[in-house]
Amino acid sequence: MRISPNARQRKEKILITGGASGIGAATARFLADEGHVPIVVDIASGTSHDDSSEGILVWPDSVDVTDEAAVENAVAQIEAQHGPIEGLVNAAGILGKMHTPDRLAMSDWDHEIAVDLRGTFLTCRAVGSRMAQRRAGAIVNIASVAGMSSGPLHGYAPAKAAVISLTATLAAEWGPHGVRVNAVSPGFTNTKALQAGIASGVLSAEQLTDVAAMRRLVEPHEIASTVSWLLGPGASAVTGANIPVDAGFICGTTWQAYGGLRK
């Protein structure tokens, strides 16, 4: 993505994986509202985008981000039909199983690593290599505060930690070619998936908000806003960074050792 002062006045084509729901969908809506052209890919072919899809292109074919050939073919076809992809947001991911190591099925562990890490790498490679050849582009990978801390997520958390590391290595790899690569690490975000976890009793809304410095969950549009900034000229010198957007979850958690946040 060009970083000239007028860059954001153009309608830029931004590919969003996992863009049919959750943070990916919020990001697509946010970018469309800014006047850009989000191109949503998802494993569910022909899926309807959350809420209004005005200004959002939904790729009709199923794209499994763990499938090397499927990713490469989708990127090639998208660029053939719509022109060069100028921005990439890797939001495709699955939540982890909260099992003890002895109960965590290796099939689940493999699936979490495949979607959350392999999928991010494959899409970065397919899009980023093309960006490097054109000497322009910006990529944002959706990681997680789980990859920056400890929790009972023995597949998901290491995968997200690896995404943060991958972001830095690709930033150094492609930086000389004009491509920036950054990560956003959401905290507990008010998505349908999180609400389902709270409704099932697996998560506690009170516990999640009690430890956050801002005493609340993160809203999806707040993630989208940060992603948009990282894609744009305002972040033209930012690459290899990982930005937590967590309502103060990380900084507030350690206060529990001292009796919790002040009332």
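For the structure, check the block above.
Being a predicted model, the structure only gives us computed values, none of them experimental.

Cut-offs and rules
For every chain, the first residue of the written sequence is number 1, and numbering continues from 1 along that sequence. Under the rules for a predicted model, residues below a pLDDT of 70 receive no local features and side-chain atom pairs below 80 are neither given nor counted, while totals for whole chains, interfaces and linings still include all residues. Think of the side-chain values as coming from all heavy atoms in the structure, minus any hydrogens and water. The numbering of helices and of strands both runs from the N terminus, where a helix is a DSSP run of H or I of at least 4 residues and a strand a run of E of at least 2. Here the radius of gyration uses the C-alpha set of atoms, whereas the globule reference equals 2.2 Å times the residue count to the power 0.38. Only heavy atoms matter for contacts: two residues are in contact if any of them lie within 4.5 Å across the pair. Calculation of accessible area relied on Shrake-Rupley with a 1.4 Å probe; when residues are assessed, cover is drawn exclusively from the protein chains displayed. Two residue types count as positive, namely Lys and Arg, and two as negative, namely Asp and Glu; His and chain ends fall outside the count. A charged residue contributes its charge at one atom only: NZ of Lys, CZ of Arg, CG of Asp or CD of Glu. An expected span of 1.5 Å times one less than the residue number is assigned to each helix. Think of it this way: the bend at a residue is just the angle between two axes, each fitted to seven residues, one set ending at that residue and the other starting at it. Orientation is described by axes fitted as lines to C-alpha atoms, over the contacting stretch for helices, and by angles from 0 to 180 degrees between their N-to-C directions. An angle below 35 degrees is read as roughly parallel, one above 145 as roughly antiparallel, one from 65 to 115 as roughly perpendicular, and any other as oblique. Each crossing gets its hand from how the near helix is turned against the far one by less than a right angle, where anticlockwise is left-handed and clockwise is right-handed. Side-chain classes follow a simple rule in which Ala, Val, Leu, Ile, Met, Phe, Trp, Tyr, Cys and Pro form the nonpolar group, Asp, Glu, Lys and Arg form the charged group, and the remainder, Gly included, forms the polar group. In what follows, salt bridge is the name for a side-chain nitrogen of Lys or Arg lying within 4 Å of a carboxyl oxygen of Asp or Glu. Ring geometry is summarised as follows: Phe, Tyr and Trp rings, the Trp one being its six-membered ring, pair when their centres sit within 6.5 Å, and such pairs are stacked at plane angles under 30 degrees, edge-to-face over 60 and tilted between the two. Burial classification: accessible surface area is computed with a 1.4 Å probe over protein chains only, and a residue below 20% of its type maximum counts as buried, one above 50% as exposed, and the rest as partly exposed. Any two strands with at least two DSSP bridges between them are considered paired. Lining residues are those with an atom within 4 Å of a point, where the points come from a 1 Å grid over the protein atoms alone and group into cavities, where a 1.4 Å probe fits but cannot get out, or pockets, open sets with protein on both sides within 12 Å along at least five of seven lines. Grid points are joined across faces, edges and corners, and a volume is the space filled by probe spheres set on the points. Note on handedness: a clockwise path from strand one over the helix to strand two, with the strands aimed away from the viewer, defines a right-handed crossover.

Colleague: What is the right way to look at the overall build of the protein chain in this model?
Modeller: For the protein chain, the helix and strand inventory stands at eight helices and seven strands. Its C-alpha atoms give the protein chain a radius of gyration of 18 Å, within 12% of the compact-globule value 18 Å for 263 residues. With the principal axes as the frame, the protein chain shows a C-alpha extent of 55 × 40 × 35 Å. For the protein chain, the share of sequence-separated contacts (at least 6 apart) that also reach a separation of at least 24 residues comes to 69%. Here the protein chain displays about 12200 Å² of accessible surface, and carbon together with sulfur accounts for 54% of that area. Where the 20 positive side-chain charges of the protein chain centre and where its 25 negative ones centre are 6 Å apart.

Colleague: Mind showing me how you'd approach helix 3 (residues 106-134) here?
Modeller: With 29 residues, helix 3 should cover 42 Å at 1.5 Å per step; its first-to-last C-alpha distance of 40 Å lies within 8% of that length. At Ala114, helix 3 shows its maximal bend, which comes to roughly 35°. The positive-phi residue at the C-terminal boundary of helix 3 is Arg135, with phi of around 60°.

Colleague: In this structure, what is going on with the packing of helix 1 (residues 22-33) against helix 7 (residues 220-231)? I would like to understand it.
Modeller: Direction vectors running N to C along helix 1 and helix 7 enclose 60°, while the axes themselves pass 8 Å from each other. Put simply, helix 1 runs oblique to helix 7. Between helix 1 and helix 7 lies a crossing of right-handed hand. Packed against helix 1, whose contacting residues are Ile23, Ala26, Thr27, Phe30 and Leu31, the element helix 7 presents Pro220, His221, Ile223, Ala224, Ser225, Val227, Ser228 and Leu231 at the interface. For the contact of helix 1 with helix 7, the class distribution of residues is nine nonpolar, four polar and no charged.

Colleague: Looking at this structure, how should I read the pattern of salt bridges?
Modeller: Pairs may arise between side chains of opposite charge once their charged atoms sit close together. Taken as a whole and assessed by the stated rule, the structure comprises seven salt bridges. Here Glu72 and Arg130 are joined by a salt bridge, their closest N and O atoms 2.6 Å apart. Residue Glu72 is found in helix 2 (residues 68-82), and its partner Arg130 is found in helix 3; the two are separated by 58 residues along the sequence. What emerges from the salt-bridge pattern is a single network uniting Glu72, Glu79, Arg130 and Arg134.

Colleague: What's the story with the packing of aromatic side chains in this structure? I'm lost.
Modeller: Two numbers describe a pair of aromatic rings. These are the distance of the centres and the angle of the planes. Scanning the model with the defined rule gives one aromatic pair in all. Taken together, a centroid distance of 5.2 Å and an interplanar angle of 70° make the contact between Phe188 and Phe249 edge-to-face. On the criterion of sequence distance, the pair formed by Phe188 in the loop between strand 6 (179-186) and helix 5 (192-200) and Phe249 in helix 8 (residues 249-253) is long-range, its members being 61 residues apart. Residue class for Phe188 comes out partly exposed when judged on its relative accessible area of 27%. Judged by its relative accessible area of 16%, Phe249 falls in the buried class.

Colleague: Quick question: what am I supposed to make of the sheet that holds strand 4 (residues 87-90) here?
Modeller: Consider a sheet: its strands pair through backbone hydrogen bonds, and that pairing is either parallel or antiparallel. Reading across from one edge, 3-2-1-4-5-6-7 is the order of the seven strands in this open sheet, with parallel pairing throughout. Looking at strand neighbours, the two that pair on one side only are strand 3 (57-58) and strand 7 (242-245), the edges of this open sheet. Relative to strand 5 (residues 137-142), strand 4 runs parallel, the two sharing four bridges. Following the sheet pairing, Leu88 is matched in strand 5 by Ile139.

Colleague: Can you walk me through empty space enclosed by the protein in this structure?
Modeller: Any space left empty among the atoms is revealed by the rolling of a water-sized probe across them. Under the definition given, this model contains two cavities of 30 Å³ or more. Of the volumes computed, that of the largest cavity is approximately 50 Å³. Lining the largest cavity, in full, are Leu15, Thr17, Val41, Val63, Val65, Val71, Ala74, Val75, Ile78 and Thr123. Secondary-structure elements contributing two or more residues to the lining of the largest cavity are strand 1 (13-17) and helix 2. The greatest single-element share of the lining of the largest cavity, amounting to four residues, is contributed by helix 2. Split into classes, the residues belonging to the lining of the largest cavity amount to eight nonpolar, two polar and no charged. Lining the second largest cavity, in full, are Phe188, Leu208, Ala212, Arg216, Leu217, Val218, Asp246 and Phe249. Considered class by class, the residues forming the lining of the second largest cavity number six nonpolar, no polar and two charged.

Colleague: How should I be thinking about the pairing of strand 2 (residues 37-41) in this particular structure?
Modeller: Across a regular strand the side chains alternate sides, sitting on one face of the sheet and then on the other. With four of its five residues buried, strand 2 lies for the most part within the structure. Here five bridges tie strand 1 to strand 2, and the two strands are oriented parallel to one another. Paired with Thr17 across the two strands is Val41, which belongs to strand 2. Note that the unit made of strand 1, helix 1 and strand 2 has a crossover that is right-handed.

Colleague: Would you take a moment to explain helix 1 for this structure?
Modeller: Three- or four-residue spacings in an α-helix give side chains the same orientation, since the helix completes a turn every 3.6 residues. Taking 1.5 Å of rise per residue, 12 residues should cover 16 Å, and helix 1 covers 17 Å from first to last C-alpha, within 8% of that figure. Among the residues of helix 1, those classed as buried are Ile23, Gly24, Ala25, Ala26, Thr27, Ala28, Leu31 and Ala32.

Honestly, that's just the spatial picture; any functional story needs more than this.
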